[in-house]
Every structure is written in structure tokens, then in C-alpha cells.
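# Descriptive analysis of the structure
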Amino acid sequence: MHSTAHSFKDNAKAAVADPQLKRALGHVKSGFIGKRAKAAARLPEFEALRDAARDIKTHTLEHLDLYLERYEENVQAAGGQVHWCASADDARAAVLDICQRVGAKTVTKGKSMISEEIALNDHLEANGITPVETDLGEYIIQLRHEPPSHIIAPAVHLTKDLIEADFRAEHTQFPAERQLSEPRQLVDEARQVLREGFLKADVGITGANFLVAETGSSVIVTNEGNGDLTQVLPKVHIVVASLEKVVPTLEDLSTILRVLARSATGQEFSTYTTVSTGPKRPGDLDGPEEYHVVLLDNGRSQMLAGELREVLRCIRCGACMNHCPVYHAIGGHAYGWVYPGPIGSVLTPALIGVEEAGNLPNASTFCGRCESVCPMRIPLPKLMRHWREREFERNLSPAAVRYGLAAWAFLARRPALYHWLIGLEMRVLGAIGRRKGRFARLPFAGGWTRHRDFPAPQGKTFQALWAERQAGRGR
Amino acid sequence: MPQNSPQETPAPARVGLFVTCLVDSMRPSVGFAAVKLLEDAGCTVEVPRAQTCCGQPAYNSGDRADTQAIARQTLAAFEEYDYVVAPSGSCAAMIREHYPALLATDPDWSARATLIAERTHELISFLTDVRGVTAVEARFDGTVTYHDSCSGLRELGIKAQPRQLLASVQGLSLNEMQDAEVCCGFGGTFCVKYPDISNTMVEEKSGCIANSGARTLLAGDLGCLLNMAGKLKRTGSPVEVRHIAEVLAGTTDTPAIGDPAQN
Amino acid sequence: MSGREAILGAVRRSLKRQPEDAAARAAVEARLGARQRGPIPARAQLEPGAQVDLFQTMAEEHAATLTRVARAEDVPGAIAEYLSGHNLPQRLRAAPDPALENLPWDRHPLLNVAHGRASASDEVSLSGAFAAVAETGTLMLLSGERAPTTLNFLPDTHIVMLKTSQVVGSYEDAWARVRAEFGNGKLPRTANFITGPSRTADIEQTIQLGAHGPRRLHIVLLDDGPGGNGPGNAG
């Protein structure tokens, strides 16, 4: 996917001025936050489960090579095949190769962020293969030629009237005068259209929420059932997954599943959790004849080396963005690449470079709400700071920021000079601002005063007044 | 005098007040309110002259070396006190939660940073949790609403403490706003680096404040208060904005934040 | 160098480890062998009767419907009644499972039952369950020659026959039963955990049932004795 992360500020400016987007984003707050809180409160073991889930992934990442080897052995034992892909290019080529070998014309797709990361649809289309997204949200944004704006609710930036307009434009097989203004009617129409897609697909591509080393299984977690129809009906099932998805055992899987749905949608459990192991077995009446796993690295093996390893615990629940006031203000597209929200702010610079995506980890107040709800206890603010430090080291931050910071730090490290200068400045500002109590404009403070007044200081500094008080007491 | 829970009568303590750069420069009355509350709670208060700022502007801009230098300077200035207290969750959390990590590999400072961090507290939680204060003697006639500033709330667990002390203020009633725990959009340099996003956030917050029906907005961090006051004043809101310490200390004779001097 | 070796090499470099690290291998073998359970919710450790009740409560909370029957021979009647109650055709595609085939369907001559995998025109399906997990009201269905997966997803209405002895507390208890039947590390092609009917909230976060999978999930719960918490407890 083409990145616009470098123009994050412009993207954000446009986003906050979009009233339709604002209305749609209201559903993020109303739809996720209360439900997650309720689901967490209902399970007394929830916090202990978060700890356990974190520990499982920490252990797995420490032994990732060995678990991947074991995983592959077990995939092969079940009759499947693992395709190791170092880059997005490799992964696209691997998928295309399988599709072409079986002469695929149409492929159905379950929701997969890795597929977005490697821009798979564009590649398939360029090679004459039609990808059909089957998750309702993904289907809607495919019609609009848009990327997802949320990792579990890809069309959350849209209101139903926009979706209705898209369906009317695209689904010309239906009578123009049909009723289509209610979510129920939109869902039914999509169901009808996509059912045909399921039945004629030659290959089904899904992502994976987890890979299980013990059994060589891939796991998808969905509510619609589209992922299951995608993988059970065609003769070939391709799983695209990144290598950090592996967990050791079915017990470990169970522990993490307990925090996944609750953190994501606030459900006790998603409707469908499907554990798939290889192609159909002798005697099976349905299921794919071939089972492939396209296993993607794309920089993750490098992330294992340092502080960013913690990002690889992520299970893509979306809780961080659901609770992020910055995401609430600007939505997902402003982030400019595949992964929005706090997780995107730490992951995107690792995947496409901090030169391109440097604004993302900077555009946070460090309010910490993301970390407080992350089921895997990823220290997202700390990792955003990690990127700010890399930027600073490499002199990538804007010159005005660097010089301003240097001047401030020079002063902050010289208390006597600092108190003298601040004392002088505040007396001046205080005297000018005293009558109104605030400034509508101030030199060098345009970023502040464009949207708010600047409250006037009281005049003398605390240090100055304290010195007076001490002197008075001493007399 | 403030009231203590009966089982706790803490020994007198020598407190180094970390004024914070914003209180020092913008609103010294908050510092004096803090001093009063601390003295009422049996502490002697000193204000080291060698303090400037906790270093967050550098730390949050990725400038680790300057942050470490400022951290060492601050720690040296406060090392001699029984406690370090700041009228700010954000600055207290910086010293308490972040200094030890910043200096973890510094053989001269690692252990000292940890020791001082353990003795560092945000003002209100220090009063309740360390000094056992359960009530203050103050009067404030009116309805207030309280914004939970992010660092205090999530890094230091400050939620019940300010509400407990506010409940003891005569004449005061608390109207909780919706989303009191959601960031106001200040975020230090964030608010000037990303003014459009910050503005959207503080607009949301202003809406919640207005809907609470309260006449006065309180919080424990001056940065957030300046941001919210700036927005409220720009939009002509009649809501008065104050640091919670001013109300708890009963020193609300100064103009509220962003309000004109009385004649 | 193949992608595999390149990736594993990069992983090992980042982990600062040699391929032959006996201690690391031992740690991995121990973990895989121990199949250690994490924290199990208290609500998944009730006595069997309460566990069955919890299963029902949770399944219904997730918009499944449930009928309890006392005898296997009552199952066809319960299904016929459910179908007529919902104005659904008296036509079923059932799994080719002797346990379902041998039910006394002939007592309900209006009910047309065919066995096999689902096709696009099937409106109602019937499957047997392998287990059910009380903690979230979740059915566990395993694929196999007697249990085609398409039955679980294609028809508008999915009916599942479950026995109380199949109800366990936790997912881990269900996996223990799978291991007892298939062996350690071995799974059938597909294990489906199903909690209520298909749903989506992709349009303005309003929940709609029946997105792509079944619009209705109905469970016929046959009382054949106590539910249990372990593989040895199957009654």
C-alpha cells in the first residue's frame, strides 16, 4: 500500500474538518469502550489473564525460531505447506504462484491485515485474478477502493448513507426503488451478493489470528462466518500470516482467546473461532484439497532484536485505537498506512521507516489509555518514545524543534539563569496580561493561540515570591 | 487543621516542594496552596532553588541526554528531603516512574534515583495516602467538576484521592463530567505540534465540562488546566478553572485561570 | 539461501542464539510437553449441573436458542416443533453421523431429512457437537467424515444436537477431550468453536445477525447424564 504517513499533519487537518467522519467516529466511542469495560469487569480473572497472555507471547518470542520450526513440521505432517517469505514481494509472489498454478480466476478473502500490508489485492488484480473481500467491512471499502481505517472494523469511518450510495452504484442487478437505508437491508444485500462469490471462488485466502506450534494449526476469529466460508468451499486454502502469530500450545491459545474478543469488541467470545489443520482428510466430505501458509517476516525478525520486540506481542484486537483520543479525532486513514492508532504509531515506523512515518509516534499526548487497555500489556507510549529518540538521534526532527529544545535545555540546566530569565519574562507577561487575564495572540505561540487563549501568568514567579516570604520570615 | 484517620498520626516530615515549571512561572498561587496543605498536614516545606523543570519537554521530544542531565540536577537538589512532592501528577510521575529507568545504567545515579523516586509523590495523593489526611478545612460555594489528568490517573493511580478531599470541602458539590478520564489534548509540546488534533480533543473536553453543569473546573495538573481554560475562555464559557490545591487550601481569592484581575 | 533459512537465521541473530542451543530447545520441549493451563475462570469450574445451566445461559445470551429434551427419541420432535415455530421448511440436511441417522425420524413423516455435506440450496442443517464450553456458551464441532464443515456455515438455520455429558467448563477441558480422542498434537482438519449465530457490526457498530453464516443457531440439548470437566468424566 502506498503510504501517505509523511503528510500526516495535512491528513489530520483534513480529517478533523470532515463532519461526516466525525459522525462516523462517534460510533467507535459508543460501540467499543463501554462494552470492553463491561466484559472485563464481568471476568474476575481478566487482569491475571492479561499477565498470562503477555507471558505466553514473551516466552514464544524468546524462542521464536524453535517454535517456527516445530510449527512447520506439524503443518507438513498434516499435509500442508509453509512458504517462508522474507519480504512483501516474496509473499505476493508466493500467493500468486499458487493461484496461477491452480488456474484461479476468482479468490475470496477473509479479513487479513497482512494481506493489506503486502498489498495483495492490487497484485492479484494486476495479474488477472479477481479478489473478493468477504468481510462486510472489507467488502465495503473494496467497493470504494479505500484501505481499512481500523484493524477490526475496516469501514468504521463510513456512515450508512455512504454505504447505501455505494451499494446502489455497484449492485445494479437489484431494482433501483428497493429499500436500502437500514443496516439490516444493507447486510442482507451484501450477503446475497457475496454468497455467489463464495460459491464460485477457486482459492480462499484468510489471515490468521494465531498459529499453533503444537498442532501446526492456523486460527481465525470472526463474527460473520465469512472466513469459514472462504476456507471451506474452494479447493485451495491459503493462509497469509506473519511469523509472530505463533503460540506454543492449544492451552496458550485458549488463554489469549479469553482476552482477545473482550478487548476487541467487548464480546465474551467471538462467534466463530476456527482452528484449521492441513487440507481435507480422507473421507472428509468438504474442505480444501490444498492448504498453504504464506509466512511473512517483512522486518519482524529485526524487531526481535531490541525494545520493539514487545510490539510483536500484539494480537490485533484494536483496543488501543478504540480508546485513543487521537484516533477518535482523526480516524484511521490520517495515519497514512495499513496500521492506524497507537499500534500503528509504533509498528509503521518499523515497517516503512521512521523517515516516512516519524509523525505517527510524535502525534500522541502519552495519555497512556492505550497501554491501560492493551490485553498484551504492550508499553505503547514507551515505544512511541523509542521512535522519538531514534528521530532525535538522527536529526530527523524539524530544525525549529531541535533549536528550540536546545535553547530550553541549556536554560533548564542552569537554575540561576533560568530563574532570572523566567522571572523577568513572567513579570512582563503578567503586567501586560493582567487586565484581561489572557492573551488572544502571542508571538511564537501561534500553535496555541490559533485555537485557544493563552492564560496570563500571575506576574512574579513562585521562586521570587518564596524568596520574598523567606526573607520576610527571616527579618 | 486537616483531619487524619485516627490510626495514623504521622511524624513530622521534611518535604522538598517540586514546584513544577508551570506553577512557578504561570500560577504561583498553586504553589502556595500546596505549601499550606503540606504544612497543615504536619510537614515542613522547603523549596530548593536548584530546580527548574522535570525534563519532560526534552524527554518527550526524544532528547535523552538532556533529560538525563536535568534528571541528575533535580535529584541532587532533592536528595536530602524525606519526601519530594509536586502539585502535578505528570511531573511527579516523571520523577517517580521515569527517572529510575532513564538513569538505570548510570552507576552513580541508578540506586539514588530509585530511592528518591520512592519518596516522590503527587500532592493530593501524598496528603491522603502518605499523610493520612481524610478531610480539609475549607469552604467553596459552588458546583465543581474534576478532570482526571492522564499521568496522575494512569501512572500514579490517582482517582479517588482528590474526590475524597473535595467531599470534605464545605459548600462544594461535585458533578462528574462524562469522559473525565479522557485526555484534554494538552500533551506538552503535542498541543503546539499538532494543534488541529489537540483542538479537536479540547473541544470534546469542553463539551463534557459544559454538560456537567458545573461552574468550576478543577484538575491536578496546570498544563491541562491552561489548555482547558484557554479553550473555555476563547469560546466565551463562564466556567472558572482552578487547580484543586487552591480549593482544598481555601485560597480562591485570586482570579481563576485566564480570568481578569479583580479591580 | 532459501527464505526459510534466511528468516530463521535473522531470527536467531536477533535473539543472539545458535541453532543448537540445548537449553532453549529443552525449554521449548518442556513447554510443549507440559501443556500448562493458564488462569481458568472460576465460572468454568462449577459442578456439572451448574455448568450445563451456565452453558445454556451463555448460549442464549449470545442469541442462540436452546431446547432441552430428556430422551434421544424426543430429538426429531423437538426439531420439527422448532421449524414449525419459526415458519421454516420441514427439510433438513443432517450430518452423516449414525448418532443422528439412527434417531426415530420416521415418527415425523412430514420432516424430510437428507444426510451429507451442505449445498447452497439447503436452508436448515443439523450437526452433532463434539463438546460445549460452559464459560461462554460455545459449541465445539470437529470436522470428519461424519461431520462436514459446510453444514455449520452455509444454511440459514443451523441446529446442533448436544448432550449434557458433552458440556465442559473451559476451552482447555474441551481440548483435553480432543486429545483423549485423537492423541496429543493431533487435530481433525477443522475445529469450529461456535458461539451464537453469525453477526456483524460493520455498519455503524449496530449488531446484525446473519452476516454470512447462519441467521439462527438452535441447540437441542439432550440430558444424558452429568456434564464433566475432564476427559475421564464423559458420561
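Cut-off values and rules
Residues numbered from 1 in each chain as written. Chains lettered and ligands numbered in written order. Predicted model: local features only at pLDDT ≥ 70, side-chain atom pairs only at ≥ 80, totals over all residues. Heavy atoms only, no water. Contact = heavy atoms within 4.5 Å. Salt bridge = Lys/Arg side-chain N within 4 Å of Asp/Glu carboxyl O. Helix = DSSP H or I, 4+ residues; strand = E, 2+ residues; numbered from the N terminus. Buried < 20%, exposed > 50% of the residue type's maximum accessible area, 1.4 Å probe, protein only. Core = buried A, V, L, I, M, F, W, Y, C linked by side-chain atoms within 4.5 Å. Domains from an automatic or database assignment. Buried area = accessible area lost by both parts, 1.4 Å probe. Polar contact = N/O pair within 3.5 Å; in protein donor to acceptor, adjacent residues only side chain to side chain. Nonpolar A, V, L, I, M, F, W, Y, C, P; charged D, E, K, R; others polar. Pairing = 2+ DSSP bridges. Axes fitted to C-alpha atoms, helices over the stretch in contact; angles between N-to-C directions. Patch = residues over 30% accessible without salt bridge, like charges linked within 9 Å, V, L, I, M, F, W, Y side chains within 5 Å. Areas by Shrake-Rupley, 256 points an atom, 1.4 Å probe, with all protein chains shown as cover.

### Topic: the arrangement of the chains
- Contacts are most numerous between chains A and C, taken over all 2 pairs of chains that touch.
- One finds no contact between chain B and chain C; the C-alpha atoms of the two approach each other to within 20 Å at their closest.

### A few points about the pattern of salt bridges
- The final tally for this structure, using the stated rule, is 73 salt bridges over all chains.
- Linking B:Glu204 and A:Lys29 is a salt bridge whose minimum nitrogen-to-oxygen distance equals 2.9 Å. Remark: A:Lys29 occurs in helix α2 (residues 19-42) and B:Glu204 occurs in helix α11 (residues 195-212); the pair is interchain, linking two chains.
- Since its relative accessible area comes to 34%, B:Glu204 is described here as partly exposed.
- Close ionic contact of A:Glu244 with A:Arg300 constitutes a salt bridge, the shortest N to O distance being 3.1 Å. Of the two residues, A:Glu244 is situated in the loop between β7 (236-242) and β8 (246-247) and A:Arg300 in helix α13 (residues 300-303); the sequence distance between them amounts to 56 residues.
- One network of salt bridges, with partners in common, ties together A:Glu47, A:Arg50, A:Asp51, A:Arg54, A:Asp55 and A:Arg377.

### Section: the nonpolar core
- Judged by nonpolar contacts, the single largest core of 140 residues is most densely connected at A:Ile238, A:Leu253, A:Ile330, B:Ile197 and C:Trp175.
- If we skip the residues at most four places from it in the chain, C:Trp175 touches A:Leu250, A:Leu253, A:Ser254, A:Val275, C:Met140, C:Leu187, C:Ala191 and C:Phe193.
- Within the second largest apolar cluster, 73 residues are counted, among which are B:Phe140, B:Leu217, B:Ala229 and B:Val239.

### Concerning the domain arrangement of chain B
Residue and element names in this part refer to chain B.
- For chain B, the assigned domains read domain 1 (3-129) and domain 2 (135-248).
- Between domain 1 and domain 2, the C-alpha centre-to-centre distance is 22 Å.
- With 27 residues of domain 1 in contact, the opposing surface of domain 2 contributes 24 residues.
- Contact between domain 1 and domain 2 buries roughly 2,000 Å² in total, counting both sides, with carbon and sulfur atoms accounting for 66%.
- Counting across the domain 1 and domain 2 interface gives 1 salt bridge.
- In this structure, Glu-246 engages Arg-27 in a salt bridge whose closest nitrogen and oxygen atoms are separated by 2.9 Å.
- Where domain 1 touches domain 2, the interface holds 7 residue pairs in polar contact (both at pLDDT 80 or more).
- At the level of secondary structure, the elements contributing two or more residues to the side of domain 1 that touches domain 2 comprise α1 (21-26), α2 (28-40), α5 (89-102) and α7 (123-130).
- Looking at which element gives the most residues to the side of domain 1 that touches domain 2, the answer is α5, with 7 residues.
- Of the residues in the side of domain 1 that touches domain 2, the class split is 13 nonpolar, 9 polar and 5 charged.

### A word on the environment of A:Arg300
All names here are of chain A.
- Taking the relative accessible area as the measure of exposure, Arg-300 reaches 0% and is therefore buried.
- Separated by 43 residues in the primary sequence, Arg-300 and Ile-343 place their C-alpha atoms 14 Å from one another.
- Aside from chain neighbours lying at most four places away, what touches Arg-300 is Ile-114, Glu-117, Ser-242, Leu-243, Glu-244, Leu-312, Arg-316, Tyr-339 and Leu-351.
- A distance of 2.7 Å separates the side chain of Arg-300 from the side chain of Glu-117, its partner in a polar contact.

### As for the interface of chain A and chain B
- Taken together, the 63 residues of chain A in the interface contact 71 residues of chain B.
- Approximately 5,900 Å² of surface area, both sides summed, lies buried where chain A meets chain B, with 59% of it carried by carbon and sulfur atoms.
- A per-residue breakdown of the area chain A buries against chain B is headed by A:Arg452, A:Gln458 and A:Phe462, which together make up 13% of the total.
- Linking chain A with chain B are 7 salt bridges, by the criterion used here.
- Across the pair B:Asp66 and A:Arg413 runs a salt bridge whose closest N-O atoms are separated by 2.8 Å.
- In terms of residues, the side of chain A that touches chain B owes the most to one element, helix α24 (residues 462-474) of chain A, which gives 7 residues.

### A few points about the interface of chain C and chain A
- Counting residues at the interface gives 79 residues for chain C, matched by 103 residues for chain A.
- Of all residues in chain C, C:Arg189, C:Glu204 and C:His212 bury the most surface against chain A, accounting for 13% of the area lost on that side.
- Applying the counting criterion to the chain C and chain A interface returns 15 salt bridges.
- Where A:Glu69 meets C:Arg12, a salt bridge forms, and the shortest distance between an N and an O atom there is 2.5 Å.
- The interface formed by chain C and chain A includes 45 residue pairs in polar contact (both at pLDDT 80 or more).
- At 9 residues, helix α1 (residues 3-15) of chain C tops the list of elements feeding residues into the side of chain C that touches chain A.
- Classifying every residue of the side of chain C that touches chain A gives 32 nonpolar, 25 polar and 22 charged.

### Regarding the sheet that holds strand β1 (residues 81-85) of chain A
Residue and element names in this part refer to chain A.
- One open sheet holds the 6 strands; their spatial order is β1-β10-β7-β4-β2-β3, and the pairing between them is parallel. Two strands in the sheet have a free side with no partner beyond their single neighbour: β1 and β3 (130-133). Within the sheet, the average angular offset between the axes of one strand and its neighbour, ignoring direction, is 25°.
- On the sheet, helix α4 (residues 64-77) packs against β1 and β10 (290-296) and is oriented at approximately 145° with respect to β1.

### Quick word on the domain arrangement of chain C
- Considered domain by domain, chain C is made up of domain 1 (1-34) and domain 2 (44-233).
- Computed over C-alpha atoms, the centres of domain 1 of chain C and domain 2 of chain C are 41 Å apart.

### Digging into a nonpolar patch on the surface
Residues and elements named next belong to chain A.
- Together, Phe-410, Leu-417, Trp-420, Leu-421 and Leu-424 give the surface a local cluster of nonpolar side chains, amounting to about 480 Å² of exposed area.
- Broken down by element, the nonpolar patch gets its largest block of residues, 4 residues, from helix α22 (residues 415-433).
- Looking at the secondary structure, you find Leu-417 in helix α22.

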